[in-house]
Amino acid sequence: MKVTPFEVYQTYLSFKNHFTREKYDYFKYSGKTNASITAFNKRRDKYFFEKMSRQDSAPDELFDLKAFFYTGNYQACIDEAQKVKVNGDKITERDCFVFRSYIAQKKYRVVLDAIKPSSEPSLKAVRLYAEFMVGNPDKKNNIIDQLENMLQNDASNDMLVLVTASAFYTIGNYEAA
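Presented here is a report on the structure given in the accompanying data block. All figures in this text were calculated on a predicted structure; none of them were measured in a lab. (Residues numbered from 1 in each chain as written. Predicted model: local features only at pLDDT ≥ 70, side-chain atom pairs only at ≥ 80, totals over all residues. Heavy atoms only, no water.)

**Re the layout of surface pockets**
Logical step 1: The volume enclosed by the second largest pocket comes to roughly 230 Å³.
Logical step 2: Of all the elements in the fold, those that place two or more residues in the lining of the second largest pocket are helix 6 (89–104) and helix 10 (158–170). (1 Å grid on protein atoms, 1.4 Å probe; cavity = no way out; pocket = protein on both sides within 12 Å on 5 of 7 lines; lining within 4 Å. Points joined across faces, edges and corners; volume = space filled by probe spheres on them. Helix = DSSP H or I, 4+ residues; strand = E, 2+ residues; numbered from the N terminus.)

**Some thoughts on the nonpolar core**
Logical step 1: Residues Phe99, Ile103, Val111, Val126, Leu147 and Val163 are the most contacted members of the largest nonpolar core, which totals 33 residues.
Logical step 2: Counting residues per element, the ones that place at least two in this core are helix 4 (63–70), helix 5 (74–83), helix 6, helix 7 (108–114), helix 8 (121–134), helix 9 (137–153) and helix 10.
Logical step 3: Here this core takes 7 residues from helix 8, the largest share from any one element.
Logical step 4: In this structure, Val3, Leu13, Ala35 and Phe40 belong to the second largest nonpolar core, which totals 8 residues. (Core = buried A, V, L, I, M, F, W, Y, C linked by side-chain atoms within 4.5 Å. Buried < 20%, exposed > 50% of the residue type's maximum accessible area, 1.4 Å probe, protein only.)

**Structural notes on the packing of aromatic side chains**
Logical step 1: Counting across every chain of the model gives 18 aromatic pairs.
Logical step 2: Pairing Tyr9 with Phe40 gives two aromatic rings, centres 5.2 Å apart and planes at 45 degrees, and the pair type is tilted. Within this pair, whereas Tyr9 is found in helix 1 (residues 5–20), its partner Phe40 is found in helix 2 (residues 37–42), the two being separated by 31 residues in sequence.
Logical step 3: Overall, Tyr9 belongs to the buried group, its relative accessible area being 6%.
Logical step 4: A relative accessible area of 5% places Phe40 in the buried class.
Logical step 5: Seen from their ring centres, Phe15 and Phe63 are 6.2 Å apart, and the 50 degrees between their planes marks the pair as tilted. You can see Phe15 sitting in helix 1 and its partner Phe63 sitting in helix 4, a full 48 residues away along the chain.
Logical step 6: These aromatic residues form a ring-pair network of at least three members: Phe6, Tyr9, Tyr12, Phe40, Phe48 and Phe49.
Logical step 7: A cation over a ring is seen here: Arg100 above Phe97, with NZ or CZ 5.4 Å from the ring centre.
Logical step 8: Over the ring of Phe132 we find Lys140; its NZ or CZ atom is 4.9 Å from the centre of that ring. (Phe/Tyr/Trp six-rings, centres within 6.5 Å; stacked < 30°, edge-to-face > 60°. Lys NZ or Arg CZ within 6 Å of the ring centre and 35° of its normal.)

Here is the structure:
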């Protein structure tokens, strides 16, 4: 599906408005804006939107799920995950968003019961983060050590990097995060 530079610009505006204007809600207005082609053509950075429009525009099956998660609508993220059909690496990515949503809702037991300690590294990292969030202060240092050891073995795992940084942030170690 080919998108025009102007459509990319409209999407950019709708996201920007969602996060910067109190009265604009991306979901309420379905991403619609009052953007005009004239305003778009006057922009100095329109090349950026032209470049973005040329990129592969294969749909991301997890787009709505991610949007719900990143806007703090965790229950909608969980509900969307039950509807979306994915396969391969997308299954783990979906599951990580779901379990992180449960953590955000402070439903740590759901995560701990669902993810086994022997799960694949991304899910194991999310499980450790749930243990970290529910654990006593003595256990937190042990969990951070485990996350750091995992990170030394696989620094390319984005989820592992994210939850390790989140754990450091939670304890106030902003430099390590």
